[in-house]
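Below, each chain spelled out in residue letters.
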Amino acid sequence: SDLVFIIDEKPHGAFKRDGNDLIVTQKISLVEALTGFIAQLTTLDGQNLTVPINTIIGPTYEEVVKGEGMPIPKEPSKKGNLRIKFNIKFPTRLTSEQKTGIKRLLAS
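To start, this report covers the structure provided alongside it. All of these numbers come straight from a predicted model, not from anything done at the bench.

Things to note about the environment of glutamate 68
And step 1. Mapping glutamate 68 onto the fold places it in the loop between β5 (62–65) and β6 (71–72).
And step 2. Classification of glutamate 68 by relative accessible area gives buried; the value is 18%.
And step 3. Distance from glutamate 68 to lysine 79, taken between C-alpha atoms, is 6.2 Å for residues 11 residues apart in sequence.
And step 4. Filtering out sequence-adjacent residues up to four positions away, glutamate 68 remains in contact with Leu22, Thr43, Gln47, Leu49, Gly80, Asn81 and Leu82.

Comments concerning the nonpolar core
And step 1. Counting residues in each nonpolar core, the largest one holds 17 residues, and the members touching the most others are Ile28, Phe37, Val51, Ile57, Leu82, Ile84 and Phe86.
And step 2. Among the secondary structure elements, those contributing two or more residues to this core are β2 (21–29), β3 (37–42), β4 (48–53) and β8 (82–89).
And step 3. Looking at this core element by element, the count peaks at 4 residues for β8.

Describing the side chain of glutamate 63
And step 1. Mapped onto the elements of the fold, glutamate 63 is located in strand β5.
And step 2. Of the side chains with opposite charge, lysine 66 lies nearest to the buried glutamate 63, which makes no salt bridge, at 10 Å.
And step 3. Within the local environment of glutamate 63, its side chain forms a polar contact with the side chain of tyrosine 61, the two groups lying 2.3 Å apart.
And step 4. In contact with glutamate 63, other than residues within four places in its own chain, are Val51, Ile53, Leu82, Arg83, Ile84 and Phe86.

Some points on the layout of surface pockets
And step 1. Size it by volume and the largest pocket reaches roughly 300 Å³.
And step 2. If you trace the largest pocket, you find it lined by Ser29, Leu30, Val31, Leu34, Thr35, Lys89, Phe90, Pro91, Leu94, Ile102, Leu105 and Leu106.
And step 3. Of all the secondary-structure elements, those providing two or more residues to the lining of the largest pocket are α1 (30–35) and α2 (96–107).
And step 4. A total of 4 residues in the lining of the largest pocket trace back to one element, the largest contributor, which is α1.
And step 5. Classifying every residue of the lining of the largest pocket by side-chain character gives 9 nonpolar, 2 polar and 1 charged.
And step 6. For the second largest pocket, the calculated volume is near 180 Å³.
And step 7. Taken together, Glu9, Lys10, Pro11, His12, Phe15, Lys16, Arg17, Leu22, Leu44 and Met70 make up the full set of residues lining the second largest pocket.
And step 8. A class-by-class count of the residues in the lining of the second largest pocket yields 5 nonpolar, 1 polar and 4 charged.

Rules and cut-offs
- Residues numbered from 1 in each chain as written.
- Predicted model: local features only at pLDDT ≥ 70, side-chain atom pairs only at ≥ 80, totals over all residues.
- Heavy atoms only, no water.
- Helix = DSSP H or I, 4+ residues; strand = E, 2+ residues; numbered from the N terminus.
- Buried < 20%, exposed > 50% of the residue type's maximum accessible area, 1.4 Å probe, protein only.
- Contact = heavy atoms within 4.5 Å.
- Core = buried A, V, L, I, M, F, W, Y, C linked by side-chain atoms within 4.5 Å.
- Lys, Arg positive; Asp, Glu negative; His and termini not counted.
- Salt bridge = Lys/Arg side-chain N within 4 Å of Asp/Glu carboxyl O.
- Polar contact = N/O pair within 3.5 Å; in protein donor to acceptor, adjacent residues only side chain to side chain.
- 1 Å grid on protein atoms, 1.4 Å probe; cavity = no way out; pocket = protein on both sides within 12 Å on 5 of 7 lines; lining within 4 Å.
- Points joined across faces, edges and corners; volume = space filled by probe spheres on them.
- Nonpolar A, V, L, I, M, F, W, Y, C, P; charged D, E, K, R; others polar.

Purely geometric stuff here, so don't read any function into it on its own.
Spelled out as structure tokens, the structure:
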């Protein structure tokens, strides 16, 4: 008689798995997307990560943190990557003064 194991992966509240990579989505403001910020994350193993983002974040931008994903089965000393995606929160309203200021800043 053979023993058959069925492994079912439960969804996580913050992380999604893509092979050996982990994907997490951070919600950020439009100001943070344009000026940068520091992402604070807690990994699956409870480690706190601080990831400075110093570039302009567009809708498809993805920050990759090497070696912070899932362990690679045949090489347990190595891990996949942590991929940080961004959900940019846009303002729902702007005053006419804010619109003028943004146009002035971005046009120069």
